Structure formats: structure tokens, C-alpha cells
Amino acid sequence: MSERRPGARETARAACVPRTHAGIRGSHEEAEGAPPASPHDRGGRVNSAPAEQDEHLVQLLTPEGERVEHPDYSIGLSAEELRGLYRDMVLTRRFDAEATALQRQGELGLWPSLLGQEAAQIGSGRALRDDDYAFSTYREHGVAWCRGVSPAALMAQFRGVDHGGWDPRSHNFHLYTIVIGSQTLHATGYAMGVAKDGADSAVIAYFGDGATSQGDVNESFTFSAVYDAPVVFFCQNNQWAISEPTERQTRVPLYQRARGFGFPGVRVDGNDVLACLAVTKWALERARRGEGPTLVEAFTYRMGAHTTSDDPTKYRADEERAAWEAKDPILRLGRHLKAEGHADTGFFEELEAESETLGKRVRQAVRAMPDPEPMALFEHAYADGNSLVDEERAQFAAYQASFADSAEEGK
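Residues numbered from 1 in each chain as written. Predicted model: local features only at pLDDT ≥ 70, side-chain atom pairs only at ≥ 80, totals over all residues. Heavy atoms only, no water.

J.: Would you mind going over the side chain of Thr 177 in detail, with residue names and values included?
T.: Here Thr 177 is to be found in the loop between helix 6 (168-171) and helix 7 (182-197). Given the relative accessible area of 11%, Thr 177 is considered buried. Within the local environment of Thr 177, its side chain forms a polar contact with the backbone oxygen of Leu 175, the two atoms lying 3.4 Å apart. Those residues in contact with Thr 177 that sit more than four places away from it in its chain are Ser 136, Thr 137, Tyr 138, Ser 182 and Gln 183. (Helix = DSSP H or I, 4+ residues; strand = E, 2+ residues; numbered from the N terminus. Buried < 20%, exposed > 50% of the residue type's maximum accessible area, 1.4 Å probe, protein only. Polar contact = N/O pair within 3.5 Å; in protein donor to acceptor, adjacent residues only side chain to side chain. Contact = heavy atoms within 4.5 Å.)

Here is the structure:
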């Protein structure tokens, strides 16, 4: 294996200098910058202040759809590219809504909705190159869409018909991870391998605000910083780790945690798809240049339940959701497209028809999924077999046979 590109560690130490590349300019708050405001200055909720009041927030598109410039980040997109981002968000929201309905109808065992987080996922997902690798949690349906994983493959796992319905090597998109925060260790190790191979691809790891309290995440920060791993840690701060607000996870804004590990952190408006795209591109290019990890905190909001087994009305106010609905990522970009004349009525009507077709196709695909063979549960636990699994297989086979015996005796 070849060695890591020379000068990577020295370059990483100088990472506080703004850099320019490929039309995207980026910088981060310097480690020696002013100390953060006390969380008590924000009424006791660390991250509950309106995003627009955060001077460090990267925003390129206001909630009203107005295009603004940021001194350290910029990106130029054609009207076609803007329409493509809008289409991605609309279609992702549509199949996500279909999945929620299917769960309510008993067709899926569970579903974790991404409602409200489309911009963070589509923006970051479209920033990836084909040879980059993504490690997800269990809510990155928009990123999966960007990586070419079909919605039906996502739902097969939640229907219980497989243990992950896509080949991660075919899409460079790892299987959904239920264990909170563990995927950051996988991503860091993979990124260290990429560096050892001398490749210029990058790795991205997705996780939520609650996962930042896990030891796995903090260990990943340490290893990635020490070994200059080409990894971007993309935290979707949707304000709630199930029923726990972010004030129970941290006493400073999450992006500032990166400072203590020796790499840059950036807070981006997670409901602004353009800002998420620009910041993630910058962070990925920084990783490819051998400058080590970056923490991106996408400041967004989970407008739905944590999963379909959750009732958010038990722990948060309707007024809070209403305030965030005004900053809806799809409405935001739609306003911009209309104001700039980048999309006409025909575009929106055609997209609406396409989204309904997608919903119908997903519904039909899920309902047509065959029940798995019960004994298949044991087939791929170990590559070369295992005596304990063999014993469990035999016990389960006897249990299954007992039903047939009971039915025969009842005749």
C-alpha cells in the first residue's frame, strides 16, 4: 500500500485558513476565536434560538426563497441543477410519506420519517462523488435516493423480508445502522483505509444530535483527527433525540465540539439545500486533499415523529413545529424557482404527477414482497457456520414443526 499524501498532517494543522476550490469557497471558525455564548443566553435551550440569529450559520437561501451570499461559501448552479435538487426533495418526501402510510396500514413494522430533513440529505448526498462512500443511520432516505438505492429496497428491511436490501459496494452506501453512533467508527476505519490506499475519495458519516453523546462518536473524532482520516462527520441536528432536546446533549453548539478534537466544525442551515451542498462539497474536498476530518452540523428539524412508534405531541409543542414549518426546505427552494423564473407551472404539475406515480409504484412493490423463508434467518450469520447457530437452527426448526404437528392432531 502507498503512504498517505505528504504534508497531510501539516496541512491539517493550518486548516483554519479559508480555501478556494471548484467555485466553492469555505472557511470555518478559528480555534482561537471568541468563546461561545453561554447556553443560558439562549433561554436555556442551546440550539433552540432561531437559526437566522446565529452569526456562524451558513445560509445561501433564506426561508422566503431569497438567494444570499456568504463571505466564506458560494456555489453556482444552473436552473436545471436547481430544479433537480427540488425534484429530489419532492420525490424523497413523497415516498417517505408513502412508507409512513404503509406502516399505519400494517404493511411495515416500523418507519423513521425524514420529514423536514430533505435539504440536509439531498444537499449533502448530491455533494458526493461516485467513488465516495457513505455510512448512514436509519433515516437517510434522501441520501439513499442520491446513491441510487431504490425506495422499495429501503422498505424491505422495515417489512422484515431481508436484513438490508442492497449491496453496499454497488452504491458505495452502507446498510442502515440501528446501533446509535456505531457507523462513525465504521466510517473512520474505512477512511483510514482509503488514506492507506492512497486514493483521493472521501467518506461521509451521518448521525443525529443524540448520537453525539455516544462514546463511539467521540472515539471516531479522536481517531480521525490523529490519523487525518478523509472523513466528513455530518450531524443532522433535528433538535430532538427521540424525546430529549439538544440541551440534554450539549451545553455548546454541536459544531464547536470539533474544536476540542483538533479539526474544523461548521454549522449550516439544514433547511437550505444550497448551503448544505456547498458546505459538504468543501468539507469533502478538504478531506480529499489530506487535511483530515470536518464536522458539519446541519441545523434542521424533525417535523414528524422519531419513528412511527413515537408520539411527539407528548414532549414538544405545536408552536415549535409551526415555526419550523415556515422554514420548510421544499417550500423555500420552490419560492426561489418561481421568483427567478427557473420553473413554470408545467414543471410543478409534471413533478406532482411523477411523485404520485412513485408513491403508487412503491406501494405496489411493498405489498408484492414475498414473506421470507423462516429458516433463512440463520443462513448468513457466519460465513463458515457456527455450532451455536446450528443448535439454534435446529431448535427453531423443531418449533416450526410443532405447529404442523398441532394442525395434524386437530384433524
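We are not done yet, so read on.
J.: Describe in detail the nonpolar core, supporting the description with residues and values.
T.: By size, the foremost hydrophobic cluster in this structure holds 67 residues, and its most contacted members are Tyr 86, Met 155 and Leu 333. Counting residues per element, this core draws most heavily on helix 10 (residues 273-288), at 11 residues. What Met 155 contacts, discounting residues up to four positions off in sequence, is Phe 95, Ala 99, Leu 102, Leu 108, Trp 111, Val 362 and Val 366. In this structure, Phe 135, Ala 205, Ala 225 and Ala 258 belong to the second largest nonpolar core, which totals 20 residues. (Core = buried A, V, L, I, M, F, W, Y, C linked by side-chain atoms within 4.5 Å.)

J.: With reference to specific residues and values, describe the pairing of strand 9 (residues 294-299).
T.: Judged by how many residues are buried, strand 9 sits mostly within the fold: six of six residues are covered. Across the two faces of strand 9 the burial is the same, with Thr 294, Val 296 and Ala 298 and Leu 295, Glu 297 and Phe 299 all buried.

J.: Outline the side chain of His 336, listing residues and values.
T.: Structurally, His 336 is set in helix 12 (residues 329-339). On the basis of relative accessibility, which here comes to 5%, the residue His 336 falls in the buried class. Not counting residues within four places of it along the chain, the set of residues in contact with His 336 comprises Leu 61, Gly 65, Arg 67, Leu 82 and His 342.

J.: So, a nonpolar patch on the surface: which residues are in play, and what are the values?
T.: Side chains of Phe 223, Val 226 and Tyr 227 sit close together on the surface and give an oily, nonpolar patch of about 300 Å² of accessible area. Along the chain, Tyr 227 turns up in the loop between helix 8 (215-226) and strand 5 (231-237). A relative accessible area of 47% means that Tyr 227 is categorised as partly exposed. (Patch = residues over 30% accessible without salt bridge, like charges linked within 9 Å, V, L, I, M, F, W, Y side chains within 5 Å. Areas by Shrake-Rupley, 256 points an atom, 1.4 Å probe, with all protein chains shown as cover. Salt bridge = Lys/Arg side-chain N within 4 Å of Asp/Glu carboxyl O.)

J.: Please provide a residue-by-residue account of the sheet that holds strand 4 (residues 203-208), values included.
T.: If you walk across this open sheet you meet the five strands as 3-4-5-9-8, and the pairing is parallel. What marks the edges here is a single partner per strand, and that holds for strand 3 (133-135) and strand 8 (265-269). Between one strand axis and the next, the sheet turns by 20° as a mean value, whatever way the strands run. Pairing of strand 8 with strand 9, which is carried by five bridges, proceeds in the parallel orientation. By the bridge assignment for strand 9, Gly 265 is matched with Leu 295. (Pairing = 2+ DSSP bridges. Axes fitted to C-alpha atoms, helices over the stretch in contact; angles between N-to-C directions.)

J.: Provide a residue-level description of the environment of Ala 127, including the pertinent values.
T.: Mapped onto the secondary structure, Ala 127 falls in the loop between helix 3 (118-125) and strand 3. A relative accessible area of 5% places Ala 127 in the buried class. For the pair Ala 127 and Ala 283, spaced 156 residues apart in the sequence, the C-alpha separation amounts to 9.7 Å.

J.: Explain unusual backbone geometry residue by residue, including any values.
T.: Phi angles above zero are rare outside glycine, and Asn 172 is one such case at about 50°. Look at Asn 172 and you get buried, because its relative accessible area is 16%. In this structure, Gln 239 is a non-glycine residue whose phi angle is positive, near 80°. Classification of Gln 239 as buried rests on a relative accessible area of 2%.

J.: Outline the packing of aromatic side chains, listing residues and values.
T.: For the coordinates displayed, the defined rule picks out 28 aromatic pairs. Summarising the aromatic geometry, the rings of Tyr 133 and Phe 135 are spaced 4.9 Å apart at their centres and angled 40° between planes, so their arrangement reads as tilted. Owing to a relative accessible area of 6%, Tyr 133 belongs among the buried residues under this scheme. On the numbers, 6.4 Å between centres and 35° between planes, the contact of Phe 261 with Phe 263 is tilted. (Phe/Tyr/Trp six-rings, centres within 6.5 Å; stacked < 30°, edge-to-face > 60°.)

J.: So what about the packing of helix 2 (residues 79-104) against helix 5 (residues 151-159)? Which residues, and what values?
T.: Two elements in contact, helix 2 and helix 5, have axes whose closest approach is 11 Å; the angle formed by their N-to-C orientations is 25°. In terms of orientation, helix 2 and helix 5 fall into the roughly parallel class. Here helix 2 and helix 5 pass one another in a crossing that is right-handed. Here Phe 95, Ala 99 and Leu 102 of helix 2 lie close against helix 5, whose contacting residues are Pro 151, Leu 154 and Met 155. Taken together, the residues that form the contact of helix 2 with helix 5 break down as six nonpolar, no polar and no charged. (Parallel < 35°, antiparallel > 145°, perpendicular 65-115°, else oblique. Left-handed = near helix turned anticlockwise from the far one by under 90°. Nonpolar A, V, L, I, M, F, W, Y, C, P; charged D, E, K, R; others polar.)

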